[in-house]
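The lines below spell out each chain.
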Amino acid sequence: MSTTVPPSSSDVIAVQADSPSLDNGHGPIELIPTEEDGLLKQKPVKTRGTGLPAVLSSFRYAIGEAGPLRGTLPMLQINQGDGFDCPGCAWPDPDKERSAFEFCENGAKAVAHESDKRRITRSFFERYSVSEMSRHSDYWLEQQGRLTEPMVLRENATHYQPISWDEAFGMVADQLQGLDSPDEACFYTSGKATNEAAFAFQVFARGLGTNNMPDCSNMCHESSGRAMTRMFGHGKGTVLLEDFKKAELVFVVGQNPGTNHPRQLTALQQAKRAGAKVILVNPLPEAGMMGFMNPQEVGGMLGKSTQLTDEFLQVKINGDIPLFKGILKQLVEWDDAQGGIIDRDFVEQHTIDLDDLLADVRAAEWNDIVRRSGIGRDQITTVAKLVRDRERIIICWCLGVTQHRNGTQNVQEFLNLLLLRGAIGKPGAGACCVRGHSNVQGDRTMGVWEQPKKPLLDRMQEVFQFEPPRHHGFDSHSSAIAMHEGKLKVFVSLGGNFLMAMPDTRYAAEALQNTDLTVRIGTKLNRADLATGRQSLILPCLGRTERDVRVDADGKTECLQLSSTENSMGVVQRTTGRFEPASAELMNETEIICRLAHATLGDRMKVDWLGWANDYDQIRDAVAQVIPGFEDYNIRVRQDGGFYLPNGPRERQFPTPTGKAVFTVNPIPPEEVGPGQFAMTTVRSHDQFNTTIYGLHDRYRGIYNARQVVMMNQADMDELGLTAEQSVDVASLFEGKTRQVRGFKVVPYPIPRQCLAMYFPEANPLIPMGSTDEFSNCPSYKHTIVTVSAANGSQGH
Ligand SMILES: Nc1nc2c(c(=O)[nH]1)N[C@H]1C(S)=C(S)[C@@H](COP(=O)(O)OP(=O)(O)OC[C@H]3O[C@@H](n4cnc5c(=O)[nH]c(N)nc54)[C@H](O)[C@@H]3O)O[C@H]1N2
Ligand SMILES: Nc1nc2c(c(=O)[nH]1)N[C@H]1C(S)=C(S)[C@@H](COP(=O)(O)OP(=O)(O)OC[C@H]3O[C@@H](n4cnc5c(=O)[nH]c(N)nc54)[C@H](O)[C@@H]3O)O[C@H]1N2
Ligand SMILES: [Mo]
């Protein structure tokens, strides 16, 4: 069990208990322990979401996790002007009329998770070796509570030990200074980092001399950014919250807002009340979208639900291009016959390449469209009529479309629809790219990007007086490969859980283990702290809800530090934590980064790192000089509701090379699912935030006590002779390698034939590292070809 076997020496790559373990000197590490699941129970799939049970559930979670006081008080400060920005998702807050409950069940869980009253102290690390910890589930790891002091795992040590902050900073500085090239270092950002932290982080990396800045956006909405930049010249969505009240038609594509963006349901409800129709495009009938009980209203509390979805298009996994091509084809056929459907004025004035799109959709075959989308011709016509008869159209989307090998093209195909109807840059219409992490959009705005643009680097060069690196760096996917190949020696992680977020968990573990030093700034323990480099540091930080005090120049006056974030709609707002820190030893992540930079770079560039560490106003002054749209940052961030960043396409200004929006041609992807095979997608349960597992239930989908499950159509189960809850092995075959997980339980589910859904991150070992989008390089988390077989010795009952 204790030697490392590289995957190339075996054709089957497995990750479970009896597979070859990963040991780089700290003892064998397990990746997907089976401890986690209880006895699987299935209830009917819910047809409506939220309402009183949701509110109760969040308070129950908060009180259980944090104790009554710490739990409920922070919730009342979520998304209030002088409180903190919800650390959950990036959905915006209303500019005015905020309710006292401007949060949702899952935002409340995120806050409660951070306000956890349990603590991990040095005695915990004395008691558990990393190998022992790895035998517990991710759920267990995060349940141990908040990290309280810096810890180090030294070469060949089996246990983490305490280390002082100064010694930790010195250790990182030594490693970074000793590299043959700054490109042997890599700086990963998870999208929770505030603007100030992200800005300091990228200045640090570039000051060292590298653009190796992977971030979680590479696994998330990179495809959206690429598509919007190519077609509109600007990589962000165009819709504002108030547009929902003016829309006539709203598409929700590849998204589960009831669980991942619950406050979006309020916007959809408002749209419906003003007369809009709502169309859901999803292989799964997601509960919140089918019926919605608004917990912020009396009716919702009492269990009265609004039917949100007017038309449910239950596409096959990766059936989105054929579906939208079908809608476009129908519209073009009508326009060819009678005209009046293509918005000719808009198209002529603001776009190019319409003819290419027209040729493509005219040539498309209805047979292919229907077969590959899984949607009948009649339903396509019904939806096309809705589009034909309405002008103010919003399209919302998330990961169901972006995380495919053709993710960028998925997005492009429905942006074609908006352009064709002139549904952009006017009230009640446009592209609503629903971001994930609460500040993932802001991190990119702050310059966290492996492919920085010349103007940014020029500006940084001028302001900070140094020579920034000009060549592109590694994104998430190429960093993993570079680490695996031994090209990266130091991996610094600002939050997040790179190990469990990446595809191909075993490969990702081997990659991290192949470095000299991994450093993670975080609030809680996770598996990335166990599959580490030859040395590892855990640098614990304050959460967003916690008080961060700075001392004034007089050395006596104390005041609260203020940070800021940008939401999905380009609004920059302040966030101030007010709660007692989980430990007196903790530092804000911004301060940690500035101190690391100070230890490493000294005065190599014109940045007063210790000044930045003590006063984030100084960082914001630097941002104002470097990033367009942030003039008077310190003044405007203090205004109620924050400020909007400039957005050209919102005003029908398209900053593409031609100054016009561009139609694109997006071919129907090749059929990859052969006989006996399935297309497998991965989804979040109602009880998790990405790799953080809050609990083992997925209430809306009716799945309880278990996460190692496979959702499958009953007819497919019958064909394979499988019964509910039977144990199965799932294998994916990619470029001659088989990846496998074993002993997962089958759950009959209303999903299209030959399609499966499994949970992220349990299914990640099946997703090959080599399968990514051609344009965005986003891993194809939503489309893996797999086979399913009864587990050894298991039988139906
Ligand atoms: N509570 C909570 N909130 C969160 C998160 C969390 O984990 N928990 N994560 C945050 C982050 S970082 C992000 S990026 C977002 C994620 O938000 P979502 O994108 O809503 O997250 P997923 O659970 O991955 O859901 C993807 C949806 O796409 C559907 N889908 C899968 N394959 C396809 C396909 O081929 N076509 C179409 N049309 N649909 C498909 C799935 O059925 C599912 O409904 O949420 C953010 N908010
Ligand atoms: N199969 C599959 N894989 C996926 C996805 C999928 O849909 N399917 N989705 C992808 C997407 S969209 C994303 S965004 C990635 C997520 O990837 P990441 O952003 O890397 O992962 P998270 O799970 O959000 O990170 C959780 C950790 O963040 C730390 N943390 C929490 N709060 C704070 C804080 O305030 N500051 C700091 N410094 N640390 C904090 C805690 O230690 C916690 O353990 O996963 C990707 N992976
Ligand atoms: Mo994300």
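Given the structure is predicted, the values throughout are model-derived calculations rather than measurements.

**Q** When you look at the site of ligand 2 in this model, what are you seeing that I'm missing?
**A** The local shell around ligand 2 holds 33 residues, among which Y188, K192, A501, T691 and N764 are the closest. In this structure, G496 approaches ligand 2 through a main-chain N or O atom, which is 3.2 Å from an oxygen atom. Within the backbone of K524, a nitrogen or oxygen atom sits 2.9 Å from an oxygen atom of ligand 2. For ligand 2, whose free accessible area comes to 930 Å², the fraction covered by protein is 96%.

**Q** When you look at the pattern of salt bridges in this model, what are you seeing that I'm missing?
**A** As a working rule, side chains carrying opposite charge can pair if their charged atoms are close by. Overall, the coordinates contain 46 salt bridges when judged by the stated rule. Notably, a salt bridge pairs E591 with R595, separated by 2.9 Å at the nearest N-O pair. Residue E591 and its partner R595 are located together in helix α27 (residues 589–601), separated by four residues, close to a single helical turn.

**Q** Could you clarify how one ought to interpret helix α24 (residues 476–484) in this entry?
**A** Owing to its 3.6 residues per turn, the α-helix brings residues three or four apart onto one side. Burial in α24 covers these residues: S476, H477, S479, A480, A482 and M483. A side-chain oxygen of the first residue of α24 lies 3.3 Å from the backbone nitrogen of H477; this N-cap is D475. Note on α24: the residue one or two positions beyond its end, G486, has a positive phi of about 80 degrees.

**Q** Help me understand the nonpolar core, please; the structure alone is not making it clear to me.
**A** Within soluble globular proteins, side chains that are nonpolar tend to cluster in buried spots. With 63 residues, the main nonpolar core has F187, F199, F464, L537, W609 and W612 as its most contacted residues. Examining the composition of this core, we find that nine residues originate from one element, helix α8 (residues 195–208), more than from any other. For W609, the residues in contact, after removing those within four places along its chain, are A200, V203, F204, C594, A597, H598, L601 and G602. If you look at the next biggest cluster of nonpolar residues, it comprises 54 residues, including V347, L357, V387 and V401.

**Q** What should I look at first to understand the pairing of strand β30 (residues 727–734) in this one?
**A** Consecutive side chains of a regular strand alternate in pointing toward one face of the sheet and then the other. Of all eight residues in β30, six are buried, a share of seventy percent or more. Two strands pair when backbone bridges link them, and β30 and strand β31 (residues 737–748) are joined in this way by seven bridges, in the antiparallel orientation. In the strand pairing of β31, S727 is matched with K745. Between β30 and β31, which pair antiparallel and follow one another directly, the connecting turn spans two residues, one of which, E735, has a positive phi of 45 degrees.

**Q** I tried to follow the sheet that holds strand β14 (residues 393–397) on my own but got confused; where do I start?
**A** Across the sheet, five strands lie side by side as β12-β10-β9-β14-β15; this open sheet has parallel pairing. The strands lining the two open edges of the sheet, one partner per strand, are β12 (311–313) and β15 (430–433). Between one strand and the next, the sheet's axes are offset by a mean angle of 15 degrees, whatever the strand orientation. Two strands pair when backbone bridges link them, and strand β10 (residues 277–281) and β12 are joined in this way by three bridges, in the parallel orientation.

**Q** Just to check I follow, could you spell out the packing of helix α15 (residues 320–338) against helix α21 (residues 407–420) for this structure?
**A** Two quantities define a packed helix pair, namely the angle between the helix axes and the distance between the axes. Remark: α15 packs on α21, axes separated minimally by 9 Å, with the N-to-C direction vectors making an angle of 20 degrees. One element, α15, and the other, α21, form an angle in the roughly parallel class. Read as a crossing pair, α15 and α21 show a hand that is left-handed. Taking contact as the criterion, the partners of D320, I321, F324, K325, I327, L328 and L331 in α15 are, on α21, Q409, N410, E413, F414, N416, L417 and L420. When the residues that make up the contact of α15 with α21 are grouped by side-chain class, the tally is eight nonpolar, three polar and three charged.

**Q** Just to check I follow, could you spell out helix α7 (residues 165–177) for this structure?
**A** Taking 1.5 Å per residue, 13 residues should reach 18 Å; α7 reaches 18 Å between its end C-alpha atoms and fits that length. Every buried residue of α7 is accounted for by W165, A168, F169, M171, V172, A173 and L176.

**Q** Just to check I follow, could you spell out the environment of A531 for this structure?
**A** Within the element layout of this structure, A531 appears in the loop between β17 (517–522) and β18 (535–540). Placed 23 residues apart in sequence, A531 and A508 show a C-alpha to C-alpha distance of 9.0 Å. Not counting residues up to four positions away in its chain, the partners in contact with A531 are I29, L499, A509, L512 and Q513.

**Q** Sorry, what's going on with the site of ligand 1 here?
**A** Residues in close proximity to ligand 1 total 31 residues, the closest being N282, E286, D320, Q688 and N690. Between ligand 1 and N260 there is a distance of 2.9 Å, counted from a nitrogen atom to a backbone nitrogen or oxygen. Here an oxygen atom of ligand 1 and a backbone polar atom of N318 are 2.7 Å apart. Protein coverage of the free-state accessible area of ligand 1, which is 920 Å², stands at 99%. For the shell around ligand 1, the secondary-structure elements that each account for two or more residues are α11 (257–260), α20 (399–402), β25 (678–683) and β26 (688–689). The residue inventory of the shell around ligand 1, partitioned by class, reads eleven nonpolar, 16 polar and four charged. Split by domain, the residues of the shell around ligand 1 number at least three in each of domain 1 (12–45 + 676–790) and domain 3 (227–433).

**Q** Help me understand the confidence of the model for the protein in this model?
**A** Caution applies to low-pLDDT regions: their predicted coordinates should not be interpreted in detail. Mean pLDDT over the protein stands at 91; residues scoring 70 or higher make up 90%. Taken together, the stretch residues 1–10 has pLDDT below 50 and engages in 21 contacts with residues farther than four places along the chain or on a different chain.

**Q** Whenever I open this one, the pairing of β10 confuses me. Can you help?
**A** Burial of β10 is extensive: four of the five residues sit out of reach of the surface. Note that strand β9 (residues 249–253) and β10 share five bridges and pair parallel. Bridge assignment links F251 to a residue of β10, and that residue is I279.

**Q** Hey, could you run me through the environment of V239 in this one?
**A** Relative to the helices and strands, V239 is located in the loop between α9 (222–232) and α10 (243–246). A sequence separation of 156 residues divides V239 from I395, and the C-alpha atoms of the two residues are 9.2 Å apart. Leaving out residues up to four positions away in the same chain, V239 has contacts with F244, I394, A429, G430, A431, C432, M569 and R650.

**Q** Is there a simple way to think about the sheet that holds strand β7 (residues 161–162) in this case?
**A** The sheet built from six strands is open, its strands ordered β7-β6-β18-β17-β16-β8 with mixed pairing. The open sheet terminates on both sides in strands that have one partner only, identified here as β7 and β8 (185–189). In the sheet, strand β6 (residues 151–153) pairs with β7 via two bridges, with the strands oriented antiparallel. Note on β7: the bridge partner recorded for M151 is P162. Helix-sheet contacts for α8 involve β8 and β16 (490–494), and the interaxial angle to β8 is about 170 degrees.

The rules we used
- Residues numbered from 1 in each chain as written.
- Chains lettered and ligands numbered in written order.
- Predicted model: local features only at pLDDT ≥ 70, side-chain atom pairs only at ≥ 80, totals over all residues.
- Heavy atoms only, no water.
- Near = heavy atom within 4 Å.
- Polar contact = N/O pair within 3.5 Å; in protein donor to acceptor, adjacent residues only side chain to side chain.
- Areas by Shrake-Rupley, 256 points an atom, 1.4 Å probe, with all protein chains shown as cover.
- Salt bridge = Lys/Arg side-chain N within 4 Å of Asp/Glu carboxyl O.
- Helix = DSSP H or I, 4+ residues; strand = E, 2+ residues; numbered from the N terminus.
- Buried < 20%, exposed > 50% of the residue type's maximum accessible area, 1.4 Å probe, protein only.
- Core = buried A, V, L, I, M, F, W, Y, C linked by side-chain atoms within 4.5 Å.
- Contact = heavy atoms within 4.5 Å.
- Pairing = 2+ DSSP bridges.
- Axes fitted to C-alpha atoms, helices over the stretch in contact; angles between N-to-C directions.
- Parallel < 35°, antiparallel > 145°, perpendicular 65-115°, else oblique.
- Left-handed = near helix turned anticlockwise from the far one by under 90°.
- Nonpolar A, V, L, I, M, F, W, Y, C, P; charged D, E, K, R; others polar.
- Expected span 1.5 Å × (residues − 1).
- Domains from an automatic or database assignment.
- pLDDT = per-residue confidence, 0-100.

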